[in-house]
Amino acid sequence: DLFLERSLPPVYENLIENTATSQVLRAGLDSSLLKGTPTMLLVKNIPDYLKPKVQTAYQTLHMAELTQYKGYLINLSGFADSAEYISTQLSSRNRKNLRSKMRKLEEDHQVSYTFYHGEITRTEYDRLFDVFYALLVKRFHEKKLFNIYLDQWKYYYDRVYPMIVNKEASLAVIYDGDKPITLTLNFHVDRCVYSLIQAYDTDYSPYNLGDISNLKHLDWCFEHGVLIFDLLMGETYNKVKWANQQYAMRFQLFYDPDKVGSLLAFHWTKAKLRLKQFLRDKNIIGNKIQLDKIYYYTKMRHRKNHQWKG
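Let me begin by describing the structure that accompanies this report. Here the structure is a predicted model, which means the values were calculated and not measured.

The rules behind these values
- Residues numbered from 1 in each chain as written.
- Predicted model: local features only at pLDDT ≥ 70, side-chain atom pairs only at ≥ 80, totals over all residues.
- Heavy atoms only, no water.
- Helix = DSSP H or I, 4+ residues; strand = E, 2+ residues; numbered from the N terminus.
- Buried < 20%, exposed > 50% of the residue type's maximum accessible area, 1.4 Å probe, protein only.
- Areas by Shrake-Rupley, 256 points an atom, 1.4 Å probe, with all protein chains shown as cover.
- Expected span 1.5 Å × (residues − 1).
- Arc of directions from axis to C-beta.
- Contact = heavy atoms within 4.5 Å.
- Pairing = 2+ DSSP bridges.
- Right-handed = clockwise from strand over helix to strand, strands pointing away.
- Axes fitted to C-alpha atoms, helices over the stretch in contact; angles between N-to-C directions.
- Parallel < 35°, antiparallel > 145°, perpendicular 65-115°, else oblique.
- Nonpolar A, V, L, I, M, F, W, Y, C, P; charged D, E, K, R; others polar.

So, on to the overall build of the chain. Counting secondary structure elements, the chain contains nine helices and 13 strands. Split into buried and exposed, the 310 residues of the chain put 45% on the buried side. Looking at the chain as shown, the accessible area adds up to about 16,100 Å², and 50% of this sits on carbon and sulfur atoms.

Attention shifts here to helix α8 (residues 260-281). Taking 1.5 Å of rise per residue, 22 residues should cover 32 Å, and α8 covers 31 Å from first to last C-alpha, within 8% of that figure. Residues of α8 that are buried include every one of Ser262, Ala265, Phe266, Thr269, Lys270, Leu273, Gln277 and Arg280, and no others. All buried residues of α8 project into a common sector of 125 degrees when viewed along the axis, lining one side. Facing away from the buried side of α8 by more than 90 degrees, the exposed set consists of Val260, Leu264 and Trp268. On its buried face, α8 sits against β5 (40-47), β7 (62-75) and β13 (245-255). Positive backbone phi, at 60 degrees, marks Asn283, one or two positions downstream of α8.

Turning next to the pairing of strand β11 (residues 192-200). Counting buried positions along β11 gives seven out of nine residues, so the element sits mostly inside the fold. Direction of pairing for strand β10 (residues 179-189) relative to β11: antiparallel, over a ladder of eight bridges. Bridge pairing in β11 links Leu183 to Ala199. Linkage of β10 to β11, two consecutive antiparallel strands, is achieved through a turn of two residues, within which Asp190 is found at a positive phi near 55 degrees. Read from β11 through helix α6 (residues 209-223) to strand β12 (residues 228-233), the crossover connection turns out right-handed.

Our next topic: the sheet that holds strand β6 (residues 50-54). Judged by pairing direction, the sheet is antiparallel, and its three strands sit side by side in the order β3-β2-β6 without closing on themselves. The sheet is open, and its two edges are formed by β3 (23-26) and β6, each paired on a single side. Shown here is a sheet whose adjacent strand axes are inclined to one another by a mean of 30 degrees, direction ignored. By the bridge criterion, four bridges tie strand β2 (residues 12-18) to β3 in an arrangement that is antiparallel. Bridge assignment links Leu15 to a residue of β3, and that residue is Arg26.

Once that is clear, we can look at the packing of helix α2 (residues 92-108) against α6. Here α2 crosses α6 at 95 degrees, and the two axes come no closer than 10 Å. Here α2 lies roughly perpendicular to α6, going by the angle between them. Taken together, the residues of α6 that come into contact with α2 (itself represented by Leu98, Lys101, Met102 and Leu105) are Leu209, Asp211, Ile212, Leu215 and Lys216. By residue class, the composition of the contact of α2 with α6 is six nonpolar, no polar and three charged.

On to α2, then. Here α2 spans 24 Å end to end across 17 residues, near enough to the 24 Å set by a 1.5 Å rise per residue. Within α2, burial applies to Leu98, Met102 and Leu105. The buried residues of α2 occupy one face: seen down the axis, they fall within an arc of 60 degrees. Along α2, the residues that are exposed and aim more than 90 degrees away from the buried face are Ser92, Arg93, Lys96 and Glu107. Summarising the contacts, the buried residues of α2 are in contact with α1 (82-89), β8 (111-116), β10, α6 and α7 (237-242).

Here the focus is the sheet that holds β5. Pairing is mixed across the open sheet formed by eight strands, whose spatial order is β5-β13-β7-β12-β11-β10-β9-β8. One side of each edge strand has no neighbouring strand; the edge strands of this open sheet are β5 and β8. Each adjacent strand pair in this sheet contributes to an overall mean axis angle of 30 degrees, direction not counted. Across the sheet, α6 lies against β7, β8, β9 (169-176), β10, β11 and β12, angled at about 45 degrees from β10, the strand it touches most.

By secondary structure assignment, the location of Ala169 is in strand β9. Separated by 19 residues in the primary sequence, Ala169 and His188 place their C-alpha atoms 5.4 Å from one another. In this structure Ala169 touches Tyr116, His117, Met163, Ile164, Asn186, Phe187 and His188, once residues within four positions along its chain are discounted.

As structure tokens, this is what we get:
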């Protein structure tokens, strides 16, 4: 809601304190963003470094807060440049490997790095989104995992072009000649960049494109005064290696304890969320039970030959 719609559910005021950057963010309010039953309001995925304030009209409701998921971010405050950051964050072995892989990539191929942020032709945008989609499909069929963004691709395709032009989003691309081999879709809110979707050409896997892409993102962030490069939720090896800060994603539930329907909806939702988090903490969901694999076989396996048409 914040970085895609630039709005918040109207349960909140339109100013949010960002404790990671000591800024106050401003957003619009949109009632269509309210989620939940008619008797209970549910707001998902609030990073714990963002502190929204509840509107006076909703302060008569009770609010419960539950932690769900971990998030990972790169906080660049106090660092002069990307070299200083990686010297403290990455081991000497990882730094040496990163430099070696990037040097070899640039020696073996005609490599260039482009950040589309404020200007991109519609023709190149359409081409990049076609390649982006194809790389995601290829990778997730190889891994046999479900990817929710493929189901929502038309929404992102329609939404992102004007956001890039308005500098609310960026598309970071590593090219080999004119061939895109790495693409990252980012969203920008003040001095924060949110990295939402990444795709890599697996034919270039020996070069560790994810690490090279992260380094180029840090260079760009320092050049443009960005303080927070947020890798968002979901634990991966790459995020753990690069992030210098973890945070909790919070859910907030608003309910009226004097109304039976509201109270029942609240307790039912709270119980479901607590159970899911308990199963994650015990490595049952995500390890013994991999929902993305289940969803792949029930929702995505039949789309192996599916082509995106923008």
